[in-house]
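Remarks on the overall topology
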Amino acid sequence: MPKRHLPTSPFKAPAAPTPKHFEVGSRVTHDVYGLGRVIGVEEGIAVLVDFGSLQTRIMSPYTKLTNL
């Protein structure tokens, strides 16, 4: 849970991370599984990725998944 930003603070409020967007057919890389291709999207919930020897469902917020 992020800390609350005080309006009187001399520091800027932390920016919210932009949500990641994936499309069917796009190439991705995962920190654990490696290179893969998106084969299904449940918008805002999860993506189904084919890594060749493994198909897995990656849940949002997709911290270890990156678009290529």
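What you see is a predicted model, and the numbers here were worked out from it, not measured in a lab.

Conventions we followed
- Residues numbered from 1 in each chain as written.
- Predicted model: local features only at pLDDT ≥ 70, side-chain atom pairs only at ≥ 80, totals over all residues.
- Heavy atoms only, no water.
- Helix = DSSP H or I, 4+ residues; strand = E, 2+ residues; numbered from the N terminus.
- Rg over C-alpha atoms; globule rule 2.2 N^0.38 Å.
- Buried < 20%, exposed > 50% of the residue type's maximum accessible area, 1.4 Å probe, protein only.
- Areas by Shrake-Rupley, 256 points an atom, 1.4 Å probe, with all protein chains shown as cover.
- Lys, Arg positive; Asp, Glu negative; His and termini not counted.
- Charge placed at Lys NZ, Arg CZ, Asp CG, Glu CD.
- Pairing = 2+ DSSP bridges.
- Axes fitted to C-alpha atoms, helices over the stretch in contact; angles between N-to-C directions.
- Core = buried A, V, L, I, M, F, W, Y, C linked by side-chain atoms within 4.5 Å.
- Contact = heavy atoms within 4.5 Å.
- Phe/Tyr/Trp six-rings, centres within 6.5 Å; stacked < 30°, edge-to-face > 60°.

When helices and strands are counted, the protein chain shows zero helices and five strands. Ordering the α and β elements of the protein chain from the N terminus gives β-β-β-β-β. Against the globule reference of 11 Å for 68 residues, the protein chain gives a C-alpha radius of gyration of 16 Å, more extended than a compact globule. Viewed in the frame of its principal axes, the protein chain has a C-alpha envelope of about 55 × 20 × 20 Å. The buried share among the 68 residues of the protein chain stands at 22%. When the accessible surface of the protein chain is totalled, it reaches about 5,400 Å², and 59% of it is carbon and sulfur. Charge-centre separation for the protein chain: the mean point of 8 positive side chains lies 13 Å from the mean point of 5 negative side chains.

Attention shifts here to the sheet that holds strand β3 (residues 46-50). Here we have five strands laid out as an open sheet, ordered β4-β3-β2-β1-β5, and antiparallel in their pairing. Looking at strand neighbours, the two that pair on one side only are β4 (55-59) and β5 (65-67), the edges of this open sheet. Ignoring strand direction, the axes of neighbouring strands in this sheet form an average angle of 40 degrees. Here five bridges tie strand β2 (residues 34-42) to β3, and the two strands are oriented antiparallel to one another. The residue bridging Arg-37 from the neighbouring strand is Asp-50, located in β3.

In this section: the nonpolar core. The tendency in soluble globular proteins is for nonpolar side chains to be buried as a group. Counting nine residues, the largest nonpolar core consists of Phe-22, Val-28, Val-38, Val-47, Val-49, Phe-51, Ile-58, Tyr-62 and Leu-65. Discounting chain neighbours no more than four positions away, the residues touching Val-47 are Phe-22, Gly-40, Val-41, Thr-56, Arg-57, Ile-58, Tyr-62 and Leu-65.

What follows is about the packing of aromatic side chains. Within the structure shown, the criterion is met by two aromatic pairs. Summarising the aromatic geometry, the rings of Phe-22 and Tyr-62 are spaced 5.1 Å apart at their centres and angled 80 degrees between planes, so their arrangement reads as edge-to-face. With Phe-22 in the segment before β1 (27-30) and Tyr-62 in the loop between β4 and β5, this pair connects stretches of sequence that are 40 residues apart. Comparing Phe-22 with Tyr-62, the two get one shared label, buried. When the ring of Tyr-33 is compared with that of Phe-51, the centres are 5.2 Å apart and the planes differ by 35 degrees; the resulting orientation is tilted. Taken together, the positions of Tyr-33 in the loop between β1 and β2 and Phe-51 in the loop between β3 and β4 put the pair 18 residues apart, joining distant regions of the chain. Note on Tyr-33: relative accessible area 38%, which makes it partly exposed. The buried category is assigned to Phe-51, whose relative accessible area is 11%.

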